[in-house]
Each structure stands twice: as C-alpha cells, then as structure tokens.
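Breakdown of the fold
These are the residues of each chain, in order.
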Amino acid sequence: MLFIGDLLFAANPGVAGLHGWDQDALIGSLERMLAVLKSGAVDIVCPGHGRIISSAQACTMLEGVLADARALTGIAELNRERAEETARFAEDCMEEINELFTILAGRLYYVAHVMDELGETDMAAQAGKLIDAGELDSLLDSFQEFADAHHAQDHVSIHLALKAGQVIGKLERSFMKDELAKIVDISLVRRAERLLSSYSSMLRGFTPPQERESCELCPLIESVIIGPYRPVLFRRRHPCLD
C-alpha cells in the first residue's frame, strides 16, 4: 500500500503553485513514482483525496499528470499578489458569465419555442438541452454565496479564485460550442468560449499559444460596432459594406 498525498493533483491550479513552482522537481517526482508503481511492488494507492485506487489506475492517472506538468513551462508562481489579482478577476469574470449565459439560455428558449410551435418537438427538445439553466443557476449561486462569505470577513482569498475555477471548469466541460454556434449568434458563443479559457489561463499562470484564423472583415467590423449583446432582428447593410 502506497500513500502518495496530493501528487495526483500537483499540476492543478492552487496546489504546488501556492508555495512556489519547480517544474523539474515535479516531473522528477512523477517519474520516480511511476517507476515504483510499474515495478510491481505496490498493489493499492491511497491519494490525499478521494477513493483508494489500484496501482494500474494510479499509473494511468499519473501519466496524465506528467503530461500536464511537462506542458506547464513558464508557469508563474501563484504568490499573494497574483492570487489577489486572480480573485478580483474571478468576480468580474463570473458576473459577465452570468450575463452572457443568461442571454444564450434565453435565445435557446426562444428557438425551442419556435420549433415547438412549428411541430418540430424533437429539435425543440435538443435545443433546450444545450444549456441546463437550472444547473447554471445553481453553479452561479454557489459562487456568489462563497464570495459573499469571503467579503463578510473583509479579505480576498485565493480560495475565491479556486472556487471560480471549479465553477468555470464545470461550465467548460458542459459547453457545447459547436452545437450552440449552429443556433445562436456565433459571436456570443465565441465570447463565452474566450471568457472561460481566459480565466482558466490566468488561474493556471500561463497563456496558451494564440491561434489565427481567417474571417470575413465586413461581418467582423459589423459585429464589433453593433456589439454581441444586442438582439438583431432587422439589419440594413450600408452600401459601403457591399
């Protein structure tokens, strides 16, 4: 039986980074632990959190952590200053997520209503499932309660940033951007995607490589001028845009 503490979670935000960051040391620890497990001397592994797992399961999970650790080159230390900055950004980010996902859910509801009126009940049901409004409200309410409790103590903690990370992680896993982009304004979907990834990047302390993509310039300028939040029912093109 082998006790491994929080090694399974060491590449996650808020674990190793809270007290400094040594990428080479973490990679070395993971490689040595994998060597021990693969030697066959251990049958059962006890992580610091969660259930007891088998040696084979631990190997699979640690190999995933090792891949994550190797990808975290240049990660910033999660010191007090950056923790407080991230916590402030967390509240701004969650407020905008609340507004944005409320708009997305409202538009999906409208689409589902129209499809239902047209007799397309199956398509209406599929559209209604793309965003779970009840789960969304529950996640956002839990964060707000957590934030209110922290402010009542008159200080901002890294735990506020980590709480936002948990909520945003759940939203990212359930965010069906490809399906949503077929139904609602794609600028809304892209804004939601960028908002979620931006917070995750800031919490982790690194910025992923930027991706370039070609696009039509006129619709892009038009969307910037009009803004992603304004419902567009009628749009008259200016001759200069033709």
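The structure we're discussing is the one just above.
Anyway, here's the lowdown on the structure attached to this text. Position labels on residues start from 1 in each chain and follow its written sequence. Per-residue local features of the predicted model are confined to residues with pLDDT of at least 70, and side-chain atom pairs are confined, for both listing and counting, to 80 or more; whole-chain, interface and lining totals are unaffected and use all residues. As a rule here, side-chain values cover all heavy atoms of the structure and leave hydrogens and water aside.

Looking at the overall build of the protein
Strands are runs of DSSP state E lasting at least two residues, helices are runs of H or I lasting at least four, and both sets are numbered from the N terminus onward. Summing up its helical and strand segments, the protein has 9 helices and 3 strands in all. For the protein, the α and β elements follow one another from N to C terminus as β-α-β-β-α-α-α-α-α-α-α-α. We call two residues contacting when some pair of their heavy atoms lies within 4.5 Å. Intrachain contacts of the protein at a sequence separation of at least 6 include 73% that bridge at least 24 residues. Surface summary for the protein: the accessible area is close to 15,300 Å², and the carbon and sulfur share equals 53%. Computed with a 1.4 Å probe, the accessible areas rest on the Shrake-Rupley method; for each residue, only the protein chains presented here act as cover.

Examining a negative patch on the surface
Candidate patch residues must exceed 30% relative accessible area and have no salt bridge, after which like charges are joined if within 9 Å and Val, Leu, Ile, Met, Phe, Trp or Tyr side chains if within 5 Å. Salt bridges are defined by distance alone: a side-chain nitrogen of Lys or Arg within 4 Å of a carboxyl oxygen of Asp or Glu. Neither His nor the chain termini are counted; the positive set is Lys and Arg, and the negative set is Asp and Glu. For the purpose of locating charges, the reference atoms are NZ of Lys, CZ of Arg, CG of Asp and CD of Glu. Residues Asp137, Asp141, Glu145 and Asp148 make up a contiguous surface patch of negative charge. Residue placement: aspartate 141 occurs in helix α5 (residues 133–152).

Considerations on the sheet that holds strand β1 (residues 2–5)
Strand order in the open sheet made by the 3 strands is β1-β2-β3, with mixed pairing throughout. Here the strands that pair on one side only, and so sit at the sheet edges, are β1 and β3 (53–54). Two strands are counted as paired when DSSP detects at least two bridges linking them. Here β1 runs beside strand β2 (residues 44–47); their pairing, made up of 3 bridges, is parallel. Of the residues in β2, the one forming a bridge with leucine 2 is valine 45.

Here's the deal with the pattern of salt bridges
Summed over the entire model, instances satisfying the criterion amount to 4 salt bridges. Close ionic contact of arginine 70 with glutamate 31 constitutes a salt bridge, the shortest N to O distance being 2.8 Å. One end of the pair, arginine 70, is in helix α2 (residues 55–70); the other, glutamate 31, is in helix α1 (residues 23–38), with 39 residues separating them in the sequence. Arginine 70 sits in the partly exposed class, given a relative accessible area of 47%. The cut-offs for exposure are 20% and 50% of the maximum accessible area for each residue type, with area from a 1.4 Å probe on protein chains only; residues under the lower value are buried, those over the upper are exposed, and the others partly exposed.

Points about the pairing of β2
Pairing geometry for β2 and β3, over 2 bridges, is antiparallel. Within the sheet, the bridge partner assigned to isoleucine 44 lies in β3 and is serine 54. Taken together, β2 and the strand that follows it, β3, pair antiparallel across an intervening segment of 5 residues, in which glycine 50 is found at a positive phi of about 85°.

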